[in-house]
Amino acid sequence: MAVDLFSPIHLGSISLKNRIAMAPLTRNRAGEGNVPQDINVTYYAQRASAGVIITEATPISDMGHGYPATPGIHSGAQIAGWKKVTDAVHAKGGKIILQLWHVGRISHPSLLPENALPVAPSAIKPAGQAFTYQGLTDFVQPRALALDELPAIVADYVQATKNALAAGFDGVEVHGANGYLLDQFLRDSTNKRTDNYGGSIENRARLLLEVVKAVADVASADRVGVRISPLNQFNDISDSAPQVLFNYVAKELSHLDIAYLHVVEGSMVEGAAIDFDFLALRKQFKGAYIANLNYDKATGNAAIAEGRADVIAYGKAYIANPDLVERFAQNAPLNAADQSTFYGGGEKGYIDYPAL
Ligand code: PHB
């Protein structure tokens, strides 16, 4: 039988009943203390028929936050809140992976402890505005991390991984995409360092690879994935030679024997050029390949049938269709997503999209 979206697969040691993944989606609906609350449990449980759910990006530390009401994985209350989520998803036969996030410079002092400056590889202010509790506010110039501060960042990823395992997650995904901290180190528009973490491709990839190795040492590599976005210009980022950079990253991640590579295959900024050979990238990596961005059922099936991807991650479709798997199976129409309720708010546009 031909392989398609409904064929089971393993991501490392995580077994999936189908190849339809729920992509990580920031929804800004955590409770007090950035703790997952009951509506978050309902939201994820409603989507448990996915082969795997990848959670919304989840800050690993106080300094990793850059948006209001994003659930963290660095306090006891947050671990307990997430445990209710994983229990509910597992009770429905689902699998769920936590996405580990540090926003770096995409933040604002008002979101950080003691109004600290956001941290980054280099002190370069992003164009644009931060989402704060007071509304949109211009980004500030971040503080460049000192060389001797980097081990503590790695340690925060390790502790967050231990917390995720305590919360019952099936695995963790290191967020190396979309202009956040690890991507800020990778790409040369944001990394102007002159130490071992800047300059050459090997140096710019060093922090990501150290983080992934340390995370794999505690979670086991076969429960670890990494998300990258070679072309995404979201959050005012770019690279002068993305193909060589990300081919190198994929090859080195392959040597770490991690479960999967998750690739945002384009830019979230409209009109950005897409000049990149994703198949060449994929060939550097021996684990599973999750493709993301603007796939539908037909293009997802085609990518799997042609061997360009193993699993497809659906984002917007999952906001509006908790039973996306059943809808694909029955060729049923999809609910349209209401953009006005993507970020923040309560139940509306979050847990009230109807199943078939
Ligand atoms: C967002 O909040 O818009 C957001 C967060 C994480 C991402 C991408 C977008 O990776």
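Not measured: the values here are computed from a predicted model.

### Looking at the overall build of the protein chain
When helices and strands are counted, the protein chain shows ten helices and 14 strands. In terms of C-alpha radius of gyration, the protein chain reaches 19 Å, essentially the compact-globule figure of 21 Å for 356 residues. Along the first, second and third principal axes, the C-alpha atoms of the protein chain reach 55 × 45 × 40 Å. The buried share of the protein chain, taken over its 356 residues, is 59%.

### Looking at the sheet that holds strand 5 (residues 96-101)
An order of 3-4-5-10-11-12-13-14 is seen for the eight strands of this closed barrel, with the pairing classed as parallel. Looking at each pair of strands side by side, their axes are set apart by 25 degrees on average, direction ignored. Pairing analysis gives five bridges linking strand 4 (residues 52-59) to strand 5, with the strands arranged parallel. Its bridge partner lying in strand 5, Thr58 is registered against Leu100.

### Overview of the site of the ligand
Contacts to the ligand come from Thr26, Tyr67, Trp101, His175, Asn178, Tyr180, Phe234, Met268 and Tyr343. His175 places a polar side-chain atom, nitrogen or oxygen, 2.7 Å from an oxygen atom of the ligand. Compared with its free state, where it exposes 280 Å², the ligand has 88% of that area covered by protein. Of the residues assigned to the shell around the ligand, the class counts are six nonpolar, three polar and no charged.

### Things to note about the environment of Arg282
Secondary-structure assignment places Arg282 in helix 7 (residues 278-283). Spatially, the C-alpha atoms of Arg282 and Val263 are 9.3 Å apart, while their sequence positions differ by 19 residues. With residues up to four places along the chain from it excluded, the contact list for Arg282 reads Tyr289, Gly307, Arg308, Ala309 and Asp310. Polar contacts involving the side chain of Arg282 include one to the side chain of Asp310, which spans 2.7 Å.

### Comments concerning the side chain of Asn191
Looking at where Asn191 falls in the secondary structure, it is placed in the loop between helix 4 (181-186) and helix 5 (201-219). Taking the relative accessible area as the measure of exposure, Asn191 reaches 4% and is therefore buried. Among the polar contacts listed, one links the side chain of Asn191 to the backbone oxygen of Tyr197, at a separation of 2.8 Å. In this structure, Asn191 is in contact with Pro121, Ser122, Gln184, Phe185, Tyr197, Gly198 and Arg204, ignoring residues within four places of it in sequence.

### Re the pairing of strand 8 (residues 135-138)
In terms of strand pairing, strand 7 (residues 129-132) meets strand 8 through four bridges, oriented antiparallel. Note that in strand 8 the partner of Gln129 across the bridge is Asp138. The turn joining strand 7 and strand 8, which pair antiparallel and follow one another in sequence, is formed by two residues.

### Brief notes about unusual backbone geometry
Phi is positive for Asn28, which is not a glycine, with a value near 55 degrees. Mapped onto the elements, Asn28 comes out in the loop between strand 3 (20-22) and helix 1 (38-46). Looking at Asn28, the relative accessible area reads 11%, which means it is buried. At Leu293, a position not held by glycine, the phi torsion is positive, near 115 degrees.

### Some points on the environment of Ala123
In this fold, Ala123 is placed in the loop between strand 6 (119-120) and strand 7. Apart from the residues lying within four places of it in its own chain, the contact partners of Ala123 are Gln141, Pro142 and Ala144.

### Some details on the packing of helix 5 against helix 6 (residues 242-255)
Relative orientation of the contacting elements helix 5 and helix 6 amounts to 35 degrees, with a least axis distance of 10 Å. The handedness of the crossing between helix 5 and helix 6 is right-handed. On helix 6, the residues that touch Ile201, Glu202, Arg204, Ala205, Leu208, Leu209 and Val212 of helix 5 are Val244, Leu245, Tyr248, Val249, Glu252 and Leu253. Classifying every residue of the contact of helix 5 with helix 6 gives ten nonpolar, no polar and three charged.

### Comments concerning helix 5
Here helix 5 is 19 residues long and its end C-alpha atoms lie 27 Å apart, about the 27 Å a rise of 1.5 Å per residue gives. Of the residues trailing helix 5, Ser220 is marked for its positive phi of about 80 degrees.

### Points about the pattern of salt bridges
Tallied over the full model, the rule gives eleven salt bridges. The residue Asp310 makes a salt bridge to Arg282 at a minimum N-O spacing of 2.7 Å. Of this pair, Asp310 sits in the loop between helix 8 (297-305) and strand 14 (311-314) while Arg282 sits in helix 7, and the two are 28 residues apart along the sequence. On the basis of relative accessible area, Arg282 is assigned to the buried category, the value being 15%.

### Thoughts on helix 1
If you check which residues of helix 1 are buried, you get Ile39, Asn40, Val41, Tyr43, Tyr44 and Ala45. Considering only its buried residues, helix 1 is in contact with strand 3, strand 4, helix 2 (76-91) and strand 5.

### Some words on the nonpolar core
The tendency in soluble globular proteins is for nonpolar side chains to be buried side by side. If you look at the biggest cluster of nonpolar residues, it comprises 88 residues, and the most contacted ones within it are Leu100, Val174 and Tyr314. Here this core gets eleven residues from one element, more than from any other, and that element is helix 5. Of all hydrophobic cores here, the second largest spans 15 residues; its members include Leu16, Ile97, Val311 and Ala313.

### Structural notes on the packing of aromatic side chains
The geometry of an aromatic ring pair is captured by two quantities: the separation of the ring centres and the angle between the planes. A full pass over the atoms with the stated rule returns twelve aromatic pairs. Here Tyr67 and Trp101 contribute two aromatic rings whose centre-to-centre distance is 5.5 Å and whose plane-to-plane angle is 20 degrees, an arrangement assigned as stacked. With Tyr67 in the loop between strand 4 and helix 2 and Trp101 in strand 5, this pair connects stretches of sequence that are 34 residues apart. Trp101 shares its class with Tyr67; the two are buried. Between the aromatic rings of Tyr314 and Phe328, the centroid separation amounts to 5.2 Å while the plane-to-plane angle is 70 degrees, which identifies the pairing as edge-to-face. Of this pair, Tyr314 sits in strand 14 while Phe328 is found in helix 10 (residues 324-329), placing the two residues 14 residues apart along the sequence. Phe328 gets classed as buried once you look at its relative accessible area, which sits at 6%. Chaining the aromatic ring pairs together yields one cluster made of Tyr67, Trp101, Phe131, Tyr180, Phe342 and Tyr343.

Here is what the cut-offs are and how they apply
Residues numbered from 1 in each chain as written. Predicted model: local features only at pLDDT ≥ 70, side-chain atom pairs only at ≥ 80, totals over all residues. Heavy atoms only, no water. Helix = DSSP H or I, 4+ residues; strand = E, 2+ residues; numbered from the N terminus. Rg over C-alpha atoms; globule rule 2.2 N^0.38 Å. Buried < 20%, exposed > 50% of the residue type's maximum accessible area, 1.4 Å probe, protein only. Pairing = 2+ DSSP bridges. Axes fitted to C-alpha atoms, helices over the stretch in contact; angles between N-to-C directions. Near = heavy atom within 4 Å. Polar contact = N/O pair within 3.5 Å; in protein donor to acceptor, adjacent residues only side chain to side chain. Areas by Shrake-Rupley, 256 points an atom, 1.4 Å probe, with all protein chains shown as cover. Nonpolar A, V, L, I, M, F, W, Y, C, P; charged D, E, K, R; others polar. Contact = heavy atoms within 4.5 Å. Left-handed = near helix turned anticlockwise from the far one by under 90°. Expected span 1.5 Å × (residues − 1). Salt bridge = Lys/Arg side-chain N within 4 Å of Asp/Glu carboxyl O. Core = buried A, V, L, I, M, F, W, Y, C linked by side-chain atoms within 4.5 Å. Phe/Tyr/Trp six-rings, centres within 6.5 Å; stacked < 30°, edge-to-face > 60°.

None of the figures reported here should be taken as evidence of function without further support.
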